[in-house]
Amino acid sequence: MEDNNKIISYNGIAKNSRECFSFVVEYSVLNGILSAEDMGNIQSQLWQLLGRQTGRFTMGDSSSVPIETAQELLASICYCIGIYLKESGIDEGAIKLKSESLSDLFAHGQRVVATKIDLGRKLLSEAKKTALDIDNISYHDTLREIEYFFKKYDYRFFAHDIPCMIDYQLCHSIPELSGIEYINEYLSRLIIENKFCRHFNSSLITSLLQGYCHDYREQLINMFEPVLTNATGLALLDKNIFLLDVNDADRVDLLNLFRLWTEEEALENLITSAEKLCSILSIEDISSREYLKSTASGLMSRIRMLKETGNFDNLFPGFHEQEEKVPVFHYYDGGTMSDKSLRNLIEEMRSCRYLSDKIAMIKQVHSIKDLIEVLNACFSYDEFTELFSSFNDTEIAVLMHFLFEKHSTAADWNPYLEWEVRIIDYVKNLDAKRQEDITHMLDGVFYL
Amino acid sequence: MKDRFSLTLIDMQKIQTADELRNCNELTLRYGLSLTEQQIHNIVEKRFEALRDTGRMEFDRGILKKLIYEFCDSPYISQDNYEDTILELQDSFYYFKNESMELISDDELISFMKQHFDTVCQGSLEYLSGTSLEELCRNTRYGYRVDDKDVYGRPF
């Protein structure tokens, strides 16, 4: 029974080539294709092949290698032989195993891998051509990493290896595969997802992604799934799928529909709506159609759960609502005074008896740099409150912004100056409304 | 069956190595050195132990023949200490092969061992493994070549 399951698994698409070799050997022994003597012969050949590969790997420099290296080399041999046997089919594979030497099978396998590498390069170029113009770090990093894969992939010794980082999550993850097979399958699925998403306006996709995940740029999310989900939902409601926008009323309608249908009906309708999407978008390719249908039917498990809660908000995400824009203030710093003029002004202000005169004189200063000099040199502790009360909110906000910028880059031990302590106290003592206004302005101050 | 077969492979390697050591006696006899059957058996057994202890796999005939050919003319090896020296050298070889992070080839390492064994180490295996080989591996990890010299112009 267990063996039958294994055969089914082998005939399935995603059987790892590494395991395929041992599986064909096991299958052949169980079915009497290989005798115990043949098995001994295969193991002996495998050992010799590993020895030869180790020799090639060390280029004759070393007769021994760490056990980890030997394991990797063996895994690569098994992978290459397995990939060839997998292409031949299980019965023919078993016959080949009996009639051909392992070195021949290995050489055939390496040729298959080389062909797959060529295919992979073509797939990568198509994936790059169809890539979405959406700012998601993992998506673009992964495409870049796959380019490095083709530079770093050493199929002669480590054919089973994937020497790159694959961060971007596909809608359907790839189980079991490794080496170039994994990369090719990954790229094929990515191209399907890319081509589907390219039928929609990229700014609409961006809005949808913002609604789906606020930090969509940095998070490891799949961009295809929310697009397909919303398009499926809109297709179910006979609405314009290209808008991608499922609003609250649509969600209620969808909830009612799914409550009305039995599970079988719901599944059938999801698949039908995926087919409808394919015909609207003129998707003819069978693998793409199957991919879309499988994704749409995969929604069923989530629908089953969410139907109970009566909330489809997380299933069919809405568009991101634009936040109220923070007003932007551009502060144009005036020209600084010459050193001599500034010195004269400071001396004059320091000799001044009346605070009101000082406040009037400070209006001669047009640059924040000079103003700071004056604040440091010309005012005493008790004069600051009156001085600051003569400033309007914008001026206070500019000074506060300067203060925050300075202390965010300065060392922790950098002490606060007299005027800095006083302005913070002054703002704290203002009424809540003015404080809020100043804080609001602070977010939007830009020095020019 | 798998275990039985694995044993057979190891046995084959053992037989091959033992044959090689027997053949080595023809050369080493010129230097007054030879290995008895028991000693050959011990050395072959210890080879697999050393490989297991250092976590390495060896194919073909291994390095015993090379070690014996290189060291048989050493003035510090006599018939009395021949077996022990070869056993010790074999252990050191695999240990330092690991320590050098595969950056030194078999031939380079054996030749370095011989050169130092006959000169600075004056036949002391402790000195060889405790200082010379340690330094060699450390320097190799720092990126020096085996035949590089230190700041005083002395070879490593």
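Residues numbered from 1 in each chain as written. Chains lettered and ligands numbered in written order. Predicted model: local features only at pLDDT ≥ 70, side-chain atom pairs only at ≥ 80, totals over all residues. Heavy atoms only, no water.

## Regarding the nonpolar core
Most often, soluble globular proteins have nonpolar side chains that are buried together.
Here's step 1: Of all hydrophobic cores here, the largest spans 102 residues; its most connected members are F21, L97 and F196 of chain A.
Here's step 2: Sequence-distant contacts of F21 of chain A, defined by excluding residues within four places in its chain, comprise I42, L46, C78, I81, G82, L85, L97 and L102 of chain A. (Core = buried A, V, L, I, M, F, W, Y, C linked by side-chain atoms within 4.5 Å. Buried < 20%, exposed > 50% of the residue type's maximum accessible area, 1.4 Å probe, protein only. Contact = heavy atoms within 4.5 Å.)

## A few points about the packing of helix α2 (residues 37-54) of chain B against helix α4 (residues 82-99) of chain B
All names here are of chain B.
Here's step 1: In contact at an axis separation of 10 Å, α2 and α4 are set at 20° when each is read in the N-to-C sense. In this view, α2 runs roughly parallel relative to α4, as classed from their interaxial angle. Where α2 crosses over α4, the handedness of that crossing is right-handed. Of the residues in α4, those in contact with Q39, N42, I43, K46, R47, A50, L51 and T54 of α2 are E83, I86, L87, Q90, D91, Y94, Y95 and N98.
Here's step 2: Its residues assigned to classes, the contact of α2 with α4 shows seven nonpolar, five polar and four charged. (Axes fitted to C-alpha atoms, helices over the stretch in contact; angles between N-to-C directions. Helix = DSSP H or I, 4+ residues; strand = E, 2+ residues; numbered from the N terminus. Parallel < 35°, antiparallel > 145°, perpendicular 65-115°, else oblique. Left-handed = near helix turned anticlockwise from the far one by under 90°. Nonpolar A, V, L, I, M, F, W, Y, C, P; charged D, E, K, R; others polar.)

## Some thoughts on the pattern of salt bridges
Here's step 1: Applying the stated criterion across every chain, the model contains 33 salt bridges over all chains.
Here's step 2: With a shortest N-O distance of 3.0 Å, R144 of chain A and D141 of chain A are connected by a salt bridge. Here R144 of chain A and its partner D141 of chain A are both found in helix α7 (residues 137-152), three residues apart, which amounts to about one turn of the helix.
Here's step 3: Relative accessible area serves as the criterion here: at 30%, D141 of chain A is assigned to the partly exposed category.
Here's step 4: A salt bridge links D118 of chain B to K114 of chain B, with the shortest nitrogen-to-oxygen separation between them at 2.8 Å. Here K114 of chain B and D118 of chain B lie together in helix α5 (residues 106-118), a separation of four residues that amounts to about one turn.
Here's step 5: In this structure K114 of chain B comes out as buried when scored by relative accessible area, which is 10%.
Here's step 6: One salt-bridge network, in which partners are shared between bridges, spans D135, R217 and E218 of chain A. (Salt bridge = Lys/Arg side-chain N within 4 Å of Asp/Glu carboxyl O.)

## Observations regarding the interface of chain A and chain B
Here's step 1: Contact residues are listed per partner, giving 17 residues for chain A and 18 residues for chain B.
Here's step 2: For the pair chain A and chain B, the summed buried surface comes to about 1,600 Å²; carbon and sulfur atoms form 64% of the total.
Here's step 3: Broken down residue by residue, the surface that chain A buries against chain B is led by W47, S63 and S64 of chain A, which jointly contribute 37%.
Here's step 4: In this structure, the connection of chain A to chain B is made through zero salt bridges.
Here's step 5: Here chain A and chain B share nine residue pairs in polar contact (both at pLDDT 80 or more) between them.
Here's step 6: Broken down by secondary-structure element, the contributors of at least two residues to the side of chain A that touches chain B are α3 (36-58), β1 (64-66) and α4 (67-88) of chain A.
Here's step 7: Among the elements that make up the side of chain A that touches chain B, the one with the highest residue count is α3 of chain A (nine residues).
Here's step 8: When grouped by side-chain class, the residues that make up the side of chain A that touches chain B number eight nonpolar, eight polar and one charged. (Buried area = accessible area lost by both parts, 1.4 Å probe. Polar contact = N/O pair within 3.5 Å; in protein donor to acceptor, adjacent residues only side chain to side chain.)

## Comments concerning the packing of aromatic side chains
How two aromatic rings sit relative to each other is set out by the distance from centre to centre and by the angle between their planes.
Here's step 1: All told, the structure shown has 24 aromatic pairs over all chains when counted by the stated rule.
Here's step 2: Measuring from centroid to centroid gives 5.0 Å for Y139 of chain A and Y168 of chain A, while their planes differ by 75°, and the two rings are edge-to-face. Of this pair, Y139 of chain A sits in helix α7 while Y168 of chain A sits in the loop between α7 and α8 (179-197); the two residues are 29 residues apart in sequence, bridging distant segments of the chain. Of the two residues, Y139 of chain A and Y168 of chain A, both sit in the buried class.
Here's step 3: Put simply, the rings of F196, F200, F224, F242 and Y291 of chain A touch in pairs and so form one group of aromatic residues.
Here's step 4: Above the ring of F379 of chain A, the side-chain terminus of K358 of chain A is found at 5.4 Å from the ring centroid.
Here's step 5: Seen from the ring of F48 of chain B, K14 of chain B lies directly overhead, with NZ or CZ sitting 5.6 Å from the centre. (Phe/Tyr/Trp six-rings, centres within 6.5 Å; stacked < 30°, edge-to-face > 60°. Lys NZ or Arg CZ within 6 Å of the ring centre and 35° of its normal.)

Read these as layout, nothing more, since geometry by itself doesn't imply function.
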